[in-house]
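Observations on the model geometry
In case you want the letters, here they are:
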Amino acid sequence: MKNKLFCLIVFASLFFSCASSETQEAVYRRISASEARKMMQELKEYIILDVRTEVEFAQRRIPGAVLIPHAEIRNRAEKELPDKNMVILVHCQLGRRSENAARKLVSMGYVNVYDFGGLADWPYEIDETRVERTR
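Here we summarise the structure given alongside this text. Bear in mind the structure is a predicted one, so any value in this text is a computation, not a measurement.

1. Re the overall build of the protein
A tally of regular secondary structure across the protein gives five helices and six strands. For the protein, the succession of helices and strands along the chain, N to C, is α-α-β-α-β-β-α-β-α-β-β. Residues counted as buried form 35% of the 135 residues belonging to the protein. In the protein, the share of contacts with a sequence separation of at least 24, taken over all contacts with a separation of at least 6, comes to 73%. Approximately 9100 Å² of the protein is accessible, and the part contributed by carbon and sulfur atoms is 53%.

Rendered as structure tokens:
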């Protein structure tokens with residue numbers, strides 16, 4: 001009897017642990033710029049999502065970033081980011097908009113969303129476009 005109970009407990013724990021590993025929970029995650037950089041170096045597939053304005057993006061951006069301004073996340077994400085399991089690394093300029101956008105994505109069912117703050121804290125490569133100003 002004890003052996004049958006033990007086997008039942010082992011089977012149940014294996015079954016539920018396997019079932020839960022297949023289903024990921026959508027949760028907000030904040031990481032550092034260095035953690036984001038490490039993920040970019042180690043992963044084969046990911047999206048760097050810039051949620052600033054078009055003007056900000058045109059002047060300065062992380063190479064390979066995709067732009068969806070934070071105010072347009074709900075309207076554009078499902079079409080432009082169809083894989084809700086893809087790793088999405090979100091940033092803005094200072095970190096406020098990226099948190100807002102990351103939380104929206106999580107609420108929409110995206111499960112691998114990581115907010116790494118803003119370009120102000122990004123010490124790595126940046127593409128810049130110099131804008132000439134007239135006086």
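Still more ground to cover, so stick around.
2. A word on the side chain of Lys 104
Residue placement: Lys 104 occurs in helix α5 (residues 96-107). Not counting the four nearest positions on each side in its chain, Lys 104 is found in contact with His 70, Ile 73 and Arg 74.

3. What to know about the nonpolar core
Among the nonpolar cores identified, the biggest contains 18 residues, and Leu 49, Ile 73, Leu 81, Val 90, Leu 105 and Tyr 110 are the most heavily contacted of them. Of all the secondary-structure elements, those providing two or more residues to this core are β1 (47-50), α4 (73-80), β4 (88-92) and α5. Each residue touching Leu 49, except ones within four places of it in the same chain, is listed here: Val 66, Ile 68, Ile 73, Leu 81, Ile 88, Leu 89, Val 90, His 91 and Leu 105. Among the nonpolar cores identified, the runner-up in size contains 16 residues, and Ala 33, Ala 36, Ile 48 and Phe 116 belong to it.

4. Quick look at α5
Across its 12 residues, α5 extends 17 Å between first and last C-alpha, which sits within 8% of the 16 Å expected from 1.5 Å per residue. Residues of α5 that are buried: Ser 98, Ala 101, Ala 102, Lys 104, Leu 105 and Val 106. Tucked inside the fold, the buried residues of α5 contact β1, α4, β4 and β5 (113-118). Note on α5: the residue one or two positions beyond its end, Gly 109, has a positive phi of about 100 degrees.

5. As for the sheet that holds β4
Pairing within the open sheet is parallel, and its four strands lie in the order β3-β1-β4-β5. Only two strands of the sheet have a single partner each, and these edge strands are β3 (66-67) and β5. Sheet analysis places β4 next to β5, joined by four bridges and oriented parallel. Bridge pairing links Ile 88 to Val 113 in β5. Sheet strands in contact with α5 are β1, β4 and β5, and its direction is about 145 degrees off that of β4.

Here is what the cut-offs are and how they apply
Just so you know, the residues in each chain are numbered from 1, in the order the chain's sequence is written. The model is predicted, so local features are restricted to residues of pLDDT at least 70 and side-chain atom pairs to those at 80 or more, both for listing and for counting; the totals for chains, interfaces and linings are taken over all residues. Note that the side-chain values use all heavy atoms of the structure and ignore hydrogens as well as water. Going along the chain from the N terminus, every DSSP run of H or I of four or more residues is numbered as a helix, and every run of E of two or more is numbered as a strand. Note on exposure labels: buried denotes an accessible area under 20% of the residue type's maximum, exposed denotes more than 50%, and partly exposed covers the range between, all computed with a 1.4 Å probe on protein chains only. In what follows, a contact means two residues having at least one pair of non-hydrogen atoms within 4.5 Å. Each accessible area value is a Shrake-Rupley result obtained with a 1.4 Å probe; residue values ignore everything except the protein chains displayed when judging cover. Joining through side-chain atoms within 4.5 Å is the link that ties buried Ala, Val, Leu, Ile, Met, Phe, Trp, Tyr and Cys residues into a set, and such a set is a nonpolar core. Helices are assigned an expected span. That span is 1.5 Å times one less than the residue count. By definition, two strands form a pair when at least two bridges between them are found by DSSP. Interaxial angle, 0 to 180 degrees, is taken between N-to-C directions of lines fitted to C-alpha atoms, where a helix line uses only the stretch in contact.

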